[in-house]
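# Report on the structure
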Amino acid sequence: MDASFVRVFAAGLFALALAGLAFAEEPAGDAANGKQVYLMARCFTCHGRVGQGGGFNYPVPALAAIELPVEAFQAFLREPPNDMPAFSTAILSDKDAADMWAWLHSLPGRKPTKDFPLLNQ
Amino acid sequence: MTTSRDLPRADRRKFLKGAALTGAAALSPAAAPAQAAPPRADLKASAPGPKLVAAETLPPGKDPVNQTSSGGEFMVDVLKALDFDYLAMNCASSFRGIHEAIVNYGGNKPEILTCPHEEIAVHMAQGYAKMEGKPIAMMCHGTVGLQHAAMALYNSWCDRVPVYVMIGNIIEADKRAPGVEWVHSAIDPAAIVRDFVKWDDQPASLQHFAESAVRAYKVATTPPMGPVLLSLDAELQENPIADRAKLRIPKVTKVVPPVADPGALAEAAKLLANAENPVIVCDRLARTPAGMARLVEFAETLQCAVIDQGGRMNFPTRHPLNQTFRARAAISQADVVLGIEMNDFYGALNAFHDRIVRTTYPVRKGPAKTISLGNRDLYLKSNYQDFGRLADVDLAIAGDGEASLPLLTDQVRRLVDEVRRSAYQARGEKLAKARLAMVEQAKSDATIGWDASPITTARMCAEVYAQIKDEDWSLVGNAIRNSWPQRLWNFDKSHRWNGQSGGAGVGYNAPASVGAALANKRHGRLTVAFGGDGDLMFVPSTLWTAAHHRIPLLYIVHNNRAYHQEYMYLVAMAARLGRGIDRSEIGTTIADPHVDYATVARGFGVHGEGPISDPAELAPALKRALAVVKSGQPALIDVVTDPR
Ligand SMILES: Cc1ncc(C[n+]2csc(CCOP(=O)(O)OP(=O)(O)O)c2C)c(N)n1
Ligand SMILES: [Mg+2]
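Small disclaimer: the values here were computed from a predicted structure and weren't measured. (Residues numbered from 1 in each chain as written. Chains lettered and ligands numbered in written order. Predicted model: local features only at pLDDT ≥ 70, side-chain atom pairs only at ≥ 80, totals over all residues. Heavy atoms only, no water.)

## Some details on the coordination of the magnesium ion (ligand 2)
Residue and element names in this part refer to chain B. Which entries qualify depends on this criterion: Coordinating donors are taken to be N, O and S atoms lying within 2.8 Å of the metal, or within 3.2 Å when the metal is Na, K or Ca; because water is excluded from the atom set, some sites may appear incomplete. Secondary structure elements are taken from DSSP: a helix is a run of H or I of four residues or more, a strand is a run of E of two residues or more, and numbering for both begins at the N terminus. Each residue gets one of three labels from its accessible area relative to the maximum for its type: buried under 20%, exposed over 50%, partly exposed in between, using a 1.4 Å probe on protein chains only.
Donor atoms from the polypeptide that coordinate the magnesium ion (ligand 2) comprise Asp533 (OD), Asn560 (OD1) and Ala562 (O), at 2.0 to 2.1 Å from the metal. Each donor residue of the magnesium ion (ligand 2) lies on the same chain, and together they follow the pattern D-x26-N-x1-A. One end of the pair, Asp533, is in helix H21 (residues 533-538); the other, Asn560, is in the loop between strand E16 (553-559) and helix H23 (564-577), and 27 residues separate them in sequence. A single burial state applies to Asp533 and to Asn560, both of which are buried.

## A look at the pairing of strand E17 (residues 607-612) of chain B
Residues and elements named next belong to chain B. Put simply, the rule reads: Any two strands are treated as partners once DSSP identifies two or more bridges connecting them. Whether a crossover is right-handed comes down to one check: with the strands pointing away from the viewer, does the path from the first strand over the helix to the second run clockwise; if it does, it is right-handed.
Inspection of the sheet shows E17 paired to strand E18 (residues 634-640) by four bridges, in the parallel sense. From the neighbouring strand, His607 faces E18, where its bridge partner is Ala635. The β-α-β motif built from E17, the intervening helix H25 (residues 618-630) and the parallel element E18 has right-handed crossover chirality.

## Remarks on the nonpolar core
Residues and elements named next belong to chain B. Applied cut-off: By convention a nonpolar core is built from buried Ala, Val, Leu, Ile, Met, Phe, Trp, Tyr and Cys residues, the set being connected through side-chain atoms within 4.5 Å. A contact between two residues is defined here by any heavy atoms of the two lying within 4.5 Å.
One finds Leu113, Met124, Leu146, Val193 and Leu636 to be the most contacted residues of the largest nonpolar core, which totals 55 residues. Ignoring anything within four residues of it in the chain, the contact list for Leu146 reads Cys140, His141, Leu153, Ile167, Pro189, Ala190, Ile192, Val193 and Leu229. Counting residues in hydrophobic clusters, the runner-up holds 49 residues, among them Ala269, Ala273, Ile307 and Phe315.

## With respect to the site of ligand 1
All names here are of chain B. For clarity, the threshold we go by: A single heavy atom is enough: if one lies within 4 Å of a molecule or strand, its residue is considered near that molecule or strand. For this analysis, a polar contact is any N or O atom pair within 3.5 Å, provided that within protein one partner can donate a hydrogen and the other can accept it, and provided that sequence-adjacent residues contribute only side-chain to side-chain pairs. Exposure was quantified through the Shrake-Rupley algorithm and a 1.4 Å probe, taking into account, for residues, occlusion by the shown protein chains and nothing else. Gly falls in the polar group here, along with every residue not listed as nonpolar (Ala, Val, Leu, Ile, Met, Phe, Trp, Tyr, Cys, Pro) or charged (Asp, Glu, Lys, Arg).
Residues in contact with ligand 1 amount to 18 residues; listed here are only the nearest, Asp533, Gly534, Ala562, His564 and Arg644. Note that an oxygen atom of ligand 1 is positioned 2.6 Å from one of the side-chain N or O atoms of Asp533. Between ligand 1 and Glu566, the relevant distance is 3.0 Å, taken from a nitrogen atom to a side-chain nitrogen or oxygen of the residue. A total of 580 Å² of accessible area belongs to ligand 1 in isolation, and the protein chains cover 79% of it. Counting residues per element, the ones that place at least two in the shell around ligand 1 are H21 and H23. At four residues, the largest contribution of residues to the shell around ligand 1 is made by H21. For the shell around ligand 1, a count of residues per class yields seven nonpolar, seven polar and four charged.

## With respect to the confidence of the model for chain A
Using the following cut-off: Values of pLDDT, the confidence the predictor places in each residue, fall between 0 and 100.
In this model, chain A carries an average pLDDT of 84, and 77% of its residues clear a pLDDT of 70 or more. Note on residues 1-27 of chain A: pLDDT under 50 across the span, and 23 contacts to partners over four residues away in sequence or across chains.

## Here we look at the interface of chain B and chain A
To keep things clear, this is the line we draw: Two parts placed together each lose some accessible area; with a 1.4 Å probe, that loss summed over both constitutes the buried area. Every case where a carboxyl oxygen of Asp or Glu lies within 4 Å of a side-chain nitrogen of Lys or Arg is listed as a salt bridge.
Each side of the interface is counted separately: chain B has 45 residues, and chain A has 40 residues. Here chain B packs against chain A, burying approximately 3,600 Å² in sum over the two surfaces, 59% of which is carbon and sulfur. At the junction of chain B and chain A, the tally comes to three salt bridges. A salt bridge links A:Arg42 to B:Glu585; the shortest N-O distance between them is 2.7 Å. For the interface between chain B and chain A, the tally reads 23 residue pairs in polar contact (both at pLDDT 80 or more). Those elements that provide at least two residues to the side of chain B that touches chain A are strand E10 (350-353), helix H17 (418-446), helix H18 (457-468) and H23 of chain B. Here the side of chain B that touches chain A gets nine residues from one element, more than from any other, and that element is H23(B).

## Side note on the sheet that holds E16(B)
Residue and element names in this part refer to chain B. Test applied: Helix axes use the C-alpha atoms of the stretch in contact, all axes being lines fitted to C-alpha atoms, and the angles between their N-to-C directions lie in the range 0 to 180 degrees.
Read from one edge of the open sheet, five strands run E14-E15-E16-E18-E17, paired in parallel fashion. Looking along the sheet, the strands with just one partner apiece sit at the ends: strand E14 (473-477) and E17. The average angle at which neighbouring strand axes cross in this sheet is 20 degrees, direction not considered. Sheet topology note: the E16/E18 ladder contains seven bridges and is parallel. The partner of Ile556 across the bridge, within E18, is Ile637. Contacts from H25 reach strand E15 (526-532), E16, E17 and E18 within the one sheet, and its direction differs from that of E18 by about 165 degrees.

Here it is as structure tokens:
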């Protein structure tokens, strides 16, 4: 993979444009399908089954209740900057990516830690 | 071979062959009843019978059937002088001479630990030595046994741990029985592991053995520590001792680890004292309980960030200056970085990206001075690349980290005036705040998927900590990349943690944990370990050794039903190529059938709980298992977890 910034940036813009088009047609995203895709695409192996994050070569960020905008999310999948492998349209369609985002976005995510006695010992 | 030459011309091995051919009929009437009778406690002390007397007095040319001493006995005297508590081994005929001597002459001292695999024996020795600060002995066949032991020796080597290996060999070709004894002999059996043992020898006489045994001990326990090996000729072990009075066991003196050059330390102190953001990174620093206390004192003097890479229990996890989980941020701001007993200082200073074109760049934003202090530069070997990439340091100081810290602290103290003291204090407060934010982040991350099944590693760890935190616990093994304990538990004593495998050779975790638990047993500590399912699959029979020797340990299997680290790599490879991500399970998962580790444990005589996939069932299972552990026995819990 060519890691040059220019290429990453250009591809990101391109993906952004594509994502914008896709979303003009399907704004909501099918979260139920998204969950299936998340498991099928093996995102869970690095990010955890409930998007809690994990560890690959270094800590892998949590994705539950993702705040990254859907366009940026898709751009990231196509041309990730560091150790995450790229997921091209050959293995992950734009629609599936958008569905996945919808599911991740719908997950509860982090909760107030004070409610967890086991985390305050 | 003096002793074998001193023997009456009768060849001991020829005798054995003869005995096998003629069987019990060959036994003299005097010896026969002794064979049939139940063992008598006084047998060893009783006067020699006519056969024994004959064996001692008959002229050369006769074929003796009894002997009154063995070279192995002297070897046992030497092992006792070296003060080994244990000898981990899997029995083998190439060392039957010394084995018999340990059991009967030595009264099972050093105490034999029966291990179903040589890799288990070495890893137990590795875990034990790190916890107890003192090596134990290990013994195996010089060929097949050593081949099994090799990976564990590599782990010990990379982990700088003294493991004292003895192997059996039959040096003289004409003394080998046809068949197995030939395939179990080698002219240089240590060759297979020489790249990753510090020193080895094959003594040619008992006196030679004594001197090499003491030297081996010295070499193994001198930093940088590492495994050593002695090849013991079977003739030397088995034949009678010619003249015990002539044999001498040398004094066992340990080498005092070197304190670094005071001038160099003063230069380092100056750089550190003048720095705006000095950072300490350490890996295998604490050799003894003093190590942690000295590092705390040093860091507090400077009020600087400490990054503990965890090769040993170097720094308390809840110390305000502990910045381990914001290492990148700390180093990026650093103007002076001191690496103490680092193996991979380069890796700490640079980022690396595992991409198609592999890239690396410095983590530091601005120019920074780098200083290394440690034993690493004093000893390297070429073949295996465990020394890591060359770190580009400004000041390289050879000396033992733990031994040199008091002087370095002193040198820094001399430079601290009032102005600096208040600047240091402000720095320390900032770091304390950053650490609290990091802990809060960890707790917040841990809440995600709290009730999920498979259980998250965060929940698993929190449940375990709840059950052990009020005990004198010791965590001696961990699952790959499971950082929750270090992020959230209070590691405040030197026995709270025991480091990792060293060589990343999977199959370390279970046996090394049992070895560390054995050391902890005498101190009354509660030993706990997490370990991967893949790791346990290499050496499940470790559990039998724990049960057999009544070694209390709570072993928690982080059962993600996979060699998960490799599973992720396969996904990454497939993604790069845009194909077949859904085939990444092939060769990477441990499913179909699922392994029931609790049943496996029970089969080896270990209390087994699980599989547990509902987080609510964890606490009761842990309580039951801990009751077993507190009664002095091992227990295992199989926790079906999410990958990481
Ligand atoms: C002896 C050996 N064989 C293979 C490997 C490659 N390897 C690295 S991590 C790993 C997975 C180990 O599985 P497990 O202990 O269950 O840990 P997980 O990654 O699943 O958490 C393997 C096979 C190794 N490091 N050492
Ligand atoms: Mg696993």
